[in-house]
Amino acid sequence: MSEPTDEVMTDSALLFGRVLDGQGGAREIGWEEAMNWQPQAPGEVLWLHICRNRPGVQEWLETQLAIPEPTAELLTSDQTRPRAFAEGETLVGTLRGINFNPGAQPEDMISMQLWCDGRRLITLRRHPLQTPREVVAMLDKGAGPPDAGATITLLAELLITRMSHTIVDMNDVLDELEDMDVEEHAEDMLKRISTIRRNCLALKRHMAPQHEALEQISRDAPYWFEDHDRREIAESIARLRRYLDDIDISKESALVLQDELRARSLSSSEHATYMLTIVAGIFLPLGFLTGLLGINVGGMPGMDDPDAFWTVVTVCLLLIIGLIITFRRLRWL
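For clarity, every value in this text was computed on a predicted model and none was experimentally measured.

The rules behind these values
- Residues numbered from 1 in each chain as written.
- Predicted model: local features only at pLDDT ≥ 70, side-chain atom pairs only at ≥ 80, totals over all residues.
- Heavy atoms only, no water.
- Helix = DSSP H or I, 4+ residues; strand = E, 2+ residues; numbered from the N terminus.
- Rg over C-alpha atoms; globule rule 2.2 N^0.38 Å.
- Buried < 20%, exposed > 50% of the residue type's maximum accessible area, 1.4 Å probe, protein only.
- Contact = heavy atoms within 4.5 Å.
- Areas by Shrake-Rupley, 256 points an atom, 1.4 Å probe, with all protein chains shown as cover.
- Lys, Arg positive; Asp, Glu negative; His and termini not counted.
- Charge placed at Lys NZ, Arg CZ, Asp CG, Glu CD.
- Pairing = 2+ DSSP bridges.
- Axes fitted to C-alpha atoms, helices over the stretch in contact; angles between N-to-C directions.
- Expected span 1.5 Å × (residues − 1).
- Polar contact = N/O pair within 3.5 Å; in protein donor to acceptor, adjacent residues only side chain to side chain.
- Salt bridge = Lys/Arg side-chain N within 4 Å of Asp/Glu carboxyl O.
- Patch = residues over 30% accessible without salt bridge, like charges linked within 9 Å, V, L, I, M, F, W, Y side chains within 5 Å.
- Parallel < 35°, antiparallel > 145°, perpendicular 65-115°, else oblique.
- Left-handed = near helix turned anticlockwise from the far one by under 90°.
- Phe/Tyr/Trp six-rings, centres within 6.5 Å; stacked < 30°, edge-to-face > 60°.

Turning our attention to the overall build of the protein chain. Check the secondary structure of the protein chain and you find eight helices and seven strands. For 333 residues, the compact-globule formula gives about 20 Å, and the C-alpha radius of gyration of the protein chain, at 35 Å, lies well above that figure. The 333 residues of the protein chain split such that 42% are buried. Put simply, 67% of the contacts in the protein chain that link residues at least 6 apart link residues at least 24 apart. Accessible surface, the protein chain: about 18200 Å² in total, of which carbon and sulfur atoms supply 54%. Mean positive and mean negative side-chain charge positions of the protein chain (32 and 52 charges, respectively) differ by 3 Å.

Laid out in structure tokens, this is it:
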């Protein structure tokens with residue numbers, strides 16, 4: 001059974017909204033109330049999770065939050081390469097996670113843009129994500145992040161953690177392939193290995209920039225991103241680095257297994273060709289002899305001898321035995 005995502009059936013751009021109380025809990029907030037939201041108590045933070053491809057989102061970002069037009073375009077665009085930067089006292093970033101939606105492949109990454117000024121956190125996505133809904137569930141239970149910085153670090157941590165599931169699955173498939181019978185499943189094994197290699201390349205292509213984005217968050221985030229948040233981001237960076245190393249190992253393992261399969265296939269093909277060559281080498285002189293005896297001209301020996309056929313058969317057998325002995329001495333057999 002798949003985990004719940006942030007998908008909701010609504011015409012509004014707002015997927016969900018929460019006001020963090022600074023103690024790990026939150027209360028739900030609607031779109032209309034969020035338009036004019038102001039903190040009612042110290043430590044409150046507004047978190048809005050928005051579907052960025054809904055009409056009017058960019059205009060709302062520019063008018064309600066006074067976000068510069070280039071930044072608003074970045075937050076709503078399909079240019080989803082992971083990155084992060086500070087813009088005054090705000091943090092702007094794009095992170096990516098594994099696409100666990102039905103029919104998706106592991107290399108189909110989903111992006112999540114974020115904008116935060118310490119009091120308001122706006123996250124945006126186009127396709128359904130599981131990570132924001134998981135954080136909301138923690139907040140609703142009173143065990144969520146207390147502030148904007150902790151929410152950002154938790155989102156990044158969960159995105160990275162979900163990547164590990166895909167890496168573990170690929171390693172399990174590789175272990176299974178190593179135990180399979182090469183002779184019976186060679187073609188299927190090659191297809192699955194090729195898929196794993198493509199997945200590794202895609203994950204590495206997207207996760208390497210994410211590593212840089214997290215380092216930029218840790219290094220350049222504004223003052224409201226506290227020291228403990230930076231430590232949490234540092235842990236996520238270290239975990240992501242380990243995952244990148246695991247991807248390299250999986251890719252190399254797949255390559256070694258693929259090379260072994262191809263080497264076995266090539267060796268089998270070469271052996272078959274070699275045996276055919278040996279057979280041809282044995283029967284070539286026999287073909288010459290029988291062809292010579294089969295010419296329709298006068299003077300052929302043994303035409304009137306009733307034992308001539310068996311004489312020819314005996315000569316052919318002796319010739320075969322002689323050729324086999326010769327080939328063995330030459331170590332061709």
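Here we come to the sheet that holds strand β4 (residues 83–87). As summarised here, the arrangement of the seven strands in space is β2-β1-β3-β7-β6-β5-β4, forming an open sheet in which the pairing is mixed. Edge strands, defined here as strands with exactly one partner in the open sheet, are β2 (26–28) and β4. When strand polarity is set aside, the average angle formed by the axes of neighbouring strands in this sheet is 20°. For strand β3 (residues 45–51) and strand β7 (residues 120–125), the ladder comprises six bridges, and the chain directions are parallel. Considered in β7, the bridge of Trp-47 is made with Leu-121. Taken strand by strand, helix α4 (residues 131–140) contacts β1 (14–20), β2, β3 and β6 (109–116), and its axis lies near 35° from that of β1. Strand contacts of helix α5 (residues 148–178): β1, β3, β5 (90–98), β6 and β7, with the helix running at about 20° to β5, the strand carrying the most contacts.

Within the secondary structure, Ser-236 sits in helix α7 (residues 227–293). Not counting chain neighbours up to four residues away, the residues in contact with Ser-236 comprise Glu-157, Ile-160 and Leu-214.

A word on unusual backbone geometry. Even without being a glycine, Ala-66 presents a positive backbone phi close to 55°. Structurally, the position occupied by Ala-66 is in the loop between α2 (57–64) and α3 (69–76).

The subject of this paragraph is α4. An α-helix turns once per 3.6 residues; consequently, residues spaced three or four apart project the same way. Buried within α4 are the following residues: Thr-131, Pro-132, Arg-133, Val-135, Val-136 and Leu-139. Residue Gly-142 follows α4 closely and has a positive phi angle near 80°.

Another point: α5. Its 31 residues give α5 an end-to-end C-alpha distance of 46 Å, which sits within 8% of 45 Å, the value for a rise of 1.5 Å per residue. The backbone nitrogen of Gly-149 lies 3.4 Å from a side-chain oxygen of the residue at the head of α5, namely Asp-147.

Along β1, seven of the seven residues are buried, which leaves the element largely enclosed by surrounding structure. Across three bridges, the pairing between β1 and β2 is antiparallel. If you follow Leu-20 over to β2, its bridge partner there is Ala-26. If you look at the hairpin formed by β1 and β2, you'll find five residues sitting between the two strands, and Gly-22 has a positive phi there, around 85°.

Before going further, it helps to spend a moment on the pattern of salt bridges. By the definition in use, this model includes seven salt bridges. When the shortest N-O distance is used, the salt bridge between Arg-162 and Glu-134 registers 2.5 Å. On the criterion of sequence distance, the pair formed by Arg-162 in helix α5 and Glu-134 in helix α4 is long-range, its members being 28 residues apart. Looking at Glu-134, the relative accessible area reads 29%, which means it is partly exposed. Across the salt bridge formed by Lys-204 and Asp-248, the nearest N and O atoms sit 2.8 Å from each other. Pair noted here: Lys-204 is in helix α6 (residues 182–220) and Asp-248 is in helix α7, with a separation of 44 residues, a long-range link.

On to the environment of Ile-278. For Ile-278, the position within the fold is in helix α7. Under the relative-accessibility criterion, Ile-278 is labelled buried at 7%.

Looking now at a negative patch on the surface. Together, Asp-169, Asp-172, Asp-175, Glu-178 and Asp-179 line one region of the surface with negative charge. Its location among the elements puts Asp-169 in helix α5. You can call Asp-169 partly exposed: its relative accessible area is 46%.

The next thing to look at is the packing of α5 against α7. Where α5 meets α7, the axes come as close as 10 Å, and the angle between the chain directions of the two elements is 15°. Classified by the angle between their axes, α5 and α7 sit roughly parallel to one another. Here the hand of the crossing between α5 and α7 comes out left-handed.

As a further point, take the packing of aromatic side chains. All chains considered together, the criterion is met by three aromatic pairs. For the ring pair Phe-16 and Trp-47, a centre distance of 5.2 Å and an interplane angle of 90° mean the geometry is edge-to-face. Placement of Phe-16 in strand β1 and of Trp-47 in strand β3 is noted, with a sequence separation of 31 residues between them. As far as burial versus exposure is concerned, Phe-16 and Trp-47 are alike and both buried. Each ring, one from Trp-224 and one from Phe-225, has its centre 6.2 Å from the other, and the planes form 70°; the classification is edge-to-face. An identical accessibility class is assigned to Trp-224 and Phe-225; each is buried.

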